[in-house]
Number of protein chains: 2
Amino acid sequence: MAIPLLSFGGTDPTGGAGLQADSEAMRYFGTHCCPIVTAVTAQDTHDLHTLYPLPAELVAAQAKAVLSDIAIAAIKISLVPNAEIAVVIADIIRDYPNLPVVLDPVLSTGAGSVLAAQPDAIAEHLLPLATLTTPNQREVFALAGMSPGEAALDECAQVLLDKGSQHVLMTGTDSETEKASSDLVTHFHYYLEDGALKKETVSAKRLPQQYHGSGCTFAASLTALLAQGQSVSEGINIAQEYTWETLSQAYQLGKGQWLPNRMIQE
Amino acid sequence: MAIPLLSFGGTDPTGGAGLQADSEAMRYFGTHCCPIVTAVTAQDTHDLHTLYPLPAELVAAQAKAVLSDIAIAAIKISLVPNAEIAVVIADIIRDYPNLPVVLDPVLSTGAGSVLAAQPDAIAEHLLPLATLTTPNQREVFALAGMSPGEAALDECAQVLLDKGSQHVLMTGTDSETEKASSDLVTHFHYYLEDGALKKETVSAKRLPQQYHGSGCTFAASLTALLAQGQSVSEGINIAQEYTWETLSQAYQLGKGQWLPNRMIQE
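Residue numbers restart at each chain and count upward from 1, following the sequence in its written direction. Whichever chain is written first becomes A and whichever ligand is written first becomes 1, with later ones labelled in order. At least 70 in pLDDT is required for a residue's local features to be given in this predicted model, at least 80 for side-chain atom pairs to be given and counted, and no such filter applies to totals for whole chains, interfaces and linings, which use all residues. The side-chain values count all of the structure's non-hydrogen atoms but skip hydrogen atoms and water molecules.

(A) Examining the overall build of chain A more closely. Runs of H or I in DSSP of at least four residues are treated as helices and runs of E of at least two as strands, each being numbered from the N terminus. Broken down by element type, chain A carries nine helices and nine strands. By the compact-globule yardstick of 18 Å for 266 residues, chain A fits well, its C-alpha radius of gyration being 17 Å. Across its three principal axes, chain A shows a C-alpha extent of roughly 50 × 45 × 35 Å. When accessible area is computed with a 1.4 Å probe and restricted to protein chains, residues below 20% of their type maximum are described as buried, those above 50% as exposed, and intermediate ones as partly exposed. Each of the 266 residues in chain A was classed as buried or not, and the buried ones make up 62%. The criterion used for residue contact is that any of the two residues' heavy atoms lie within 4.5 Å. Sequence-distant contacts in chain A: of pairs separated by 6 or more residues, those separated by 24 or more amount to 67%. Surface exposure here means Shrake-Rupley accessible area, sampled with a 1.4 Å probe, where a residue is shielded only by the protein chains that are shown. A total of about 9,700 Å² of accessible surface is found on chain A, and carbon and sulfur atoms cover 50% of it. We treat Lys and Arg as the positive residues and Asp and Glu as the negative residues; His and chain ends play no part in the count. For the purpose of locating charges, the reference atoms are NZ of Lys, CZ of Arg, CG of Asp and CD of Glu. If you average the places of the 13 positive and of the 29 negative side-chain charges in chain A, the two averages end up 4 Å apart. Radius of gyration: C-alpha atoms only; globule rule: 2.2 Å multiplied by the number of residues to the exponent 0.38.

(B) Structural context of unusual backbone geometry. Residues and elements named next belong to chain A. If you check the backbone angles, aspartate 194 has positive phi at about 50° while not being a glycine. Positionally, aspartate 194 belongs in the loop between strand 8 (184-193) and strand 9 (196-205). Take aspartate 194: its relative accessible area is 82%, and that puts it in the exposed class.

(C) Main features of helix 5 (residues 137-144) of chain B. Burial runs high along helix 5 of chain B: six of the eight residues are buried. Here a polar contact means two N or O atoms within 3.5 Å. Within protein one must be a hydrogen donor candidate and the other an acceptor candidate, and residues neighboring in sequence count only if both atoms are side-chain atoms. Regarding helix 5 of chain B, its N-cap is B:Asn136, as a side-chain oxygen of that residue lies 3.0 Å from the backbone nitrogen of B:Arg138 further along.

(D) How the structure looks around the relation of the copies chain A and chain B. Least-squares fitting of one copy onto the other uses the C-alpha atoms of those residues that reach a pLDDT of at least 70 in both copies. Least-squares fitting of chain A to chain B yields an RMSD of 0.0 Å, with the transformation described by 0.0 Å of translation along the axis and a rotation of 180°. What we have between these two chains is a two-fold relation. Residue A:Gln20 of chain A places its C-alpha closer to the rotation axis than any other residue of that unit, at 3.5 Å.

(E) Examining the sheet that holds strand 7 (residues 167-170) of chain A more closely. All names here are of chain A. When DSSP finds at least two bridges between two strands, those strands are taken to pair. Read across the open sheet, the nine strands follow the order 3-2-1-4-5-6-7-8-9; overall the sheet is mixed. Either end of the sheet is taken by a strand with one partner, and the two such strands are strand 3 (48-53) and strand 9. Packing against the sheet, helix 9 (residues 232-248) makes contact with strand 6 (132-133), strand 7, strand 8 and strand 9, and its axis sits at approximately 20° to strand 9. Think of each axis as a best-fit line through the C-alpha atoms, taken over the contacting stretch in the case of a helix, with angles from 0 to 180 degrees between the N-to-C directions.

(F) Up close: the sheet that holds strand 8 (residues 184-193) of chain B. Taken together, nine strands build an open sheet; the order of strands is 3-2-1-4-5-6-7-8-9 (chain B) and the sheet is mixed. Strands with a single pairing partner mark the edges of an open sheet, and in this sheet they are strand 3 (48-53) and strand 9 (196-205) of chain B. Sheet topology places strand 6 (residues 132-133) of chain B next to strand 7 (residues 167-170) of chain B; two bridges connect them, and they run parallel. Residue B:Leu132 lies in a different strand from strand 7 of chain B, and its bridge partner there is B:His167. Seen against the sheet, helix 2 (residues 56-67) of chain A touches strand 2 (31-43) and strand 3 of chain B and runs at an angle of roughly 95° to strand 2 of chain B.

(G) Structural detail: the interface of chain A and chain B. Listed per partner, the contact involves 48 residues of chain A and 48 residues of chain B. Throughout, buried area stands for the accessible area (probe radius 1.4 Å) lost by two parts on being put together, summed over both. Summed over both partners, the interface of chain A with chain B buries about 3,600 Å², with 61% contributed by carbon and sulfur atoms. For this analysis, a salt bridge means a side-chain nitrogen from Lys or Arg found within 4 Å of a carboxyl oxygen belonging to Asp or Glu. Linking chain A with chain B are two salt bridges, by the criterion used here. A salt bridge links B:Glu24 to A:Arg27; the nearest nitrogen and oxygen atoms lie 3.1 Å apart.

(H) Fine view of the pairing of strand 9 of chain B. One ladder, built from ten bridges, connects strand 8 of chain B with strand 9 of chain B; its direction is antiparallel. Each bridged residue has a counterpart across the sheet, and for B:Tyr190 the counterpart in strand 9 of chain B is B:Lys199.

(I) Seen up close, the environment of B:Leu192. Residue and element names in this part refer to chain B. Along the chain, leucine 192 falls in strand 8. Remark: the alpha-carbon pair of leucine 192 and glutamine 166, spanning 26 residues in sequence, is separated by 7.7 Å. Aside from chain neighbours lying at most four places away, what touches leucine 192 is Gln158, Leu161 and Leu197.

(J) Main features of the packing of aromatic side chains. We call Phe, Tyr and Trp rings a pair once their centres come within 6.5 Å, taking the six-membered ring for Trp, and we label the pair stacked below 30 degrees between planes, edge-to-face above 60, and tilted otherwise. Applying the stated criterion across every chain, the model contains eight aromatic pairs over all chains. On the numbers, 5.2 Å between centres and 80° between planes, the contact of B:Tyr28 with B:Phe29 is edge-to-face. For B:Tyr28, a relative accessible area of 25% translates into the label partly exposed. On the basis of relative accessibility, which here comes to 15%, the residue B:Phe29 falls in the buried class. Note on B:Phe188 and B:Tyr190: the rings are 6.4 Å apart at their centroids and 55° apart in plane angle, and the pair reads as tilted. B:Tyr190 gets classed as buried once you look at its relative accessible area, which sits at 0%. Taken together, A:Tyr28, A:Phe29 and A:Tyr242 form an aromatic cluster joined through their ring pairs. Geometrically, a charge over a ring is one whose NZ (Lys) or CZ (Arg) sits within 6 Å of the ring centre while staying within 35 degrees of the ring normal. Residue placement shows A:Lys199 over the ring face of A:Phe188; its charged tip is 4.3 Å from the ring centre.

Below, the structure written as structure tokens:
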């Protein structure tokens, strides 16, 4: 009997990222994905061609159909293409205050195409409901409403915690500075303890390719682990190791980025 | 390295049927699903609430993005919500005459809600391109354009072969007559040999529940097997055994139909 999870996200016709990535990673950890489509994309393993946000009421109808029938154990939110959909999702999940919520803010593709034009709406409506938010180093500035010249990464993380996310996991996967200077990828886990900012570091050996769907894999694994009562710190360690393994066994299906192999054999 | 398959179908927020079912069954057989969304549904494990067909040009954009980047080995077609999308799909796959094409005509839900209002368009545009078509006993009449009073099942199968499908697998899962009278589910495999109608029978023990996504599982497995060079007859046997196993290990996630467990352990 798989534990049911709800995932708000986009579709990806390559099958490398988006809801199919969630479904595979969640399945790996013994949970079942109930996929709520927020947007349909046309993309290949190089970049995005088309982003088609669904009507907000259709997003709500999908989620309500599931929530009235199935006892969901945790919620993941990734692609939120506009403010209207951010509001609809917030209105729905506010009724489930005891469920872990993982917010993976997918603001743009690796190649820079915009997926969510209103990060301020995501910050306003969804950060207050998040158990854990998993921005990369570019996304953390956008969610904090700051620019790299104005603030350091730690300050941005503090802003996200102040806005209500209980934990922030800032992933280093897309850091250009790091790529040039280190053979490690470093993620930072921030949270507040007695009002003070705490920061934990998780590092892993950098792998050689560009990958399509690594962030989805990481956040989906974390959702599955939190649903099963894992602590955020321990969940991050397990999800990071799993994601690394899926990337080390990745395959190049098209001519661009490699796809994680989420059904890895131990 | 997973073998890439293209699947045109609908999304299902329960995760039991539709493109998530395809992805899981295809993965089980060592292949990778590239999911092309034709329609988004809101449904639970009882029945359909909303059917939202996507613009035909968005269906085409998704498929073209994948086909120009990834060397697809077989194609599955399931939910085709209208004639315009049937034409778009036919236009695209006509360029790949050497690929196996499995057509799983999803015309209505088990509870009777209409998913494809124009079976004649599916018959006209897609049957001529199909290696194998997998209707149930209700769908075979609709595709043949006949009613149960007018023709027997064998005659309908002959019509579908005449319209160009190389094989027809008529599944017995939804046969009300059978349910009342037999503890077996019987599927019929029809094809032409030297112009004569051939019919093979595959039976399995009927399982006790109502299932959500059994047809998707069967057709997706078949697509994966044909992509790997399996014959249609042998593919039907293997896919039938796998599907039966996923149903025997099914779980009841909501309050209605049970969901196949497609990640069965041997």
